[in-house]
Amino acid sequence: MKLNLEKIKGFSVIFIQEERIDAHNSGELKEYILHMIEQGEVKIIVQLESVRFIDSSGLGALLSGYKHASAKSGKLALACCKPQVFSMFELTRLNRVFDIYTDLSEAFENEA
């Protein structure tokens, strides 16, 4: 899975450079996020601008990261979801769990 990590304004921002998060690569994403949290990175924003499709395993990977970050008094938020990706969060009602922002600026403002 192609991921880039940048530290911006005190957040660890994961830029996912894949069009799909599915059973093929979601395990790698989950491991990456959990490793970050174990290393003390608990203010995480996952930028999904390149993602055009996410399935249940991808949602599960993000949810696992969310739960682990929350257990360490941290936060995992999402930014830049395309409409078809956001609709998966709505269908599963995970939009009530995650804070989902239209862009990184909005995420920084609201998560600070």
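In this report, the structure presented in the accompanying data block is examined. (Residues numbered from 1 in each chain as written. Predicted model: local features only at pLDDT ≥ 70, side-chain atom pairs only at ≥ 80, totals over all residues. Heavy atoms only, no water.)

## Quick word on the overall build of the protein chain
Here is the rule: By definition, any uninterrupted DSSP run of H or I lasting at least four residues is a helix, any uninterrupted run of E lasting at least two residues is a strand, and each is numbered from the N terminus. Radius of gyration here uses only the C-alpha atoms, and the compact-globule reference equals 2.2 Å multiplied by the residue count raised to the power 0.38. We call a residue buried when its accessible area falls under 20% of the maximum for its residue type, exposed when it is over 50%, and partly exposed in between, using a 1.4 Å probe and counting protein chains only. Contact criterion: two residues are considered in contact whenever any of their non-hydrogen atoms come within 4.5 Å of each other. Throughout, the Shrake-Rupley method with a 1.4 Å probe supplies accessible areas, and for residues the shown protein chains are the sole cover considered. All tallies of charge rest on Lys and Arg as positive and Asp and Glu as negative; His and the ends of each chain are not included. For this purpose, a charge sits on NZ of Lys, CZ of Arg, CG of Asp or CD of Glu.
When its secondary structure is counted, the protein chain shows four helices and seven strands. The secondary structure elements of the protein chain, listed N-terminal to C-terminal, are β-β-β-α-β-β-α-β-α-β-α. The C-alpha radius of gyration of the protein chain comes to 12 Å, within 12% of the 13 Å expected for a compact globule of 112 residues. In terms of principal-axis extent, the alpha carbons of the protein chain reach across some 30 × 25 × 25 Å. Per-residue burial for the protein chain yields a buried fraction of 44% across its 112 residues. Counting only contacts in the protein chain whose residues sit at least 6 apart along the sequence, the fraction spanning at least 24 positions is 67%. Surface summary for the protein chain: the accessible area is close to 6000 Å², and the carbon and sulfur share equals 47%. When the 13 positive and 16 negative side-chain charges of the protein chain are each reduced to one mean point, those points stand 4 Å apart.

## Quick look at the sheet that holds strand S7 (residues 100–101)
Basically, it comes down to this: Strand pairing requires that DSSP identify at least two bridges connecting the strands. Here an angle of 0 to 180 degrees is reported between the N-to-C directions of two axes, which are lines fitted to C-alpha atoms, with helices fitted over the stretch in contact.
Strand order in the open sheet formed by five strands is S1-S2-S4-S6-S7, with mixed pairing between adjacent strands. Only two strands of the sheet have a single neighbouring strand rather than two, namely strand S1 (3–8) and S7. Examined bridge by bridge, strand S6 (residues 75–79) and S7 share two bridges and lie parallel to one another. Counterpart to Ala-79 in the pairing with S7 is Tyr-101. Its contacts with the sheet place helix H1 (residues 26–38) against S1, strand S2 (11–16), strand S4 (43–47) and S6, and it is angled at close to 170° to S2. Relative to S6, helix H2 (residues 56–71) is tilted by about 145°, and along the sheet it contacts S4 and S6.

## With respect to unusual backbone geometry
Even without being glycine, Lys-9 reaches a positive phi, approximately 50°. Topologically, Lys-9 is positioned in the loop between S1 and S2. A positive phi is found at Cys-80, a non-glycine position, where the angle reads about 65°. Within the secondary structure, Cys-80 is located in the loop between S6 and helix H3 (83–91).

## Describing H2
Stated formally: A helix is expected to reach a length of 1.5 Å times the quantity of its residues less one.
Here H2 spans 22 Å end to end across 16 residues, near enough to the 22 Å set by a 1.5 Å rise per residue. When H2 is considered as a whole, its buried residues turn out to be Gly-58, Leu-59, Ala-61, Leu-62, Ser-64, Gly-65, Tyr-66 and Ala-69. Here the buried face of H2 lies against strand S3 (20–21), H1, S4, strand S5 (53–54), S6 and H3. Count one or two residues on from H2 and you reach Ser-73, which has phi positive near 60°.

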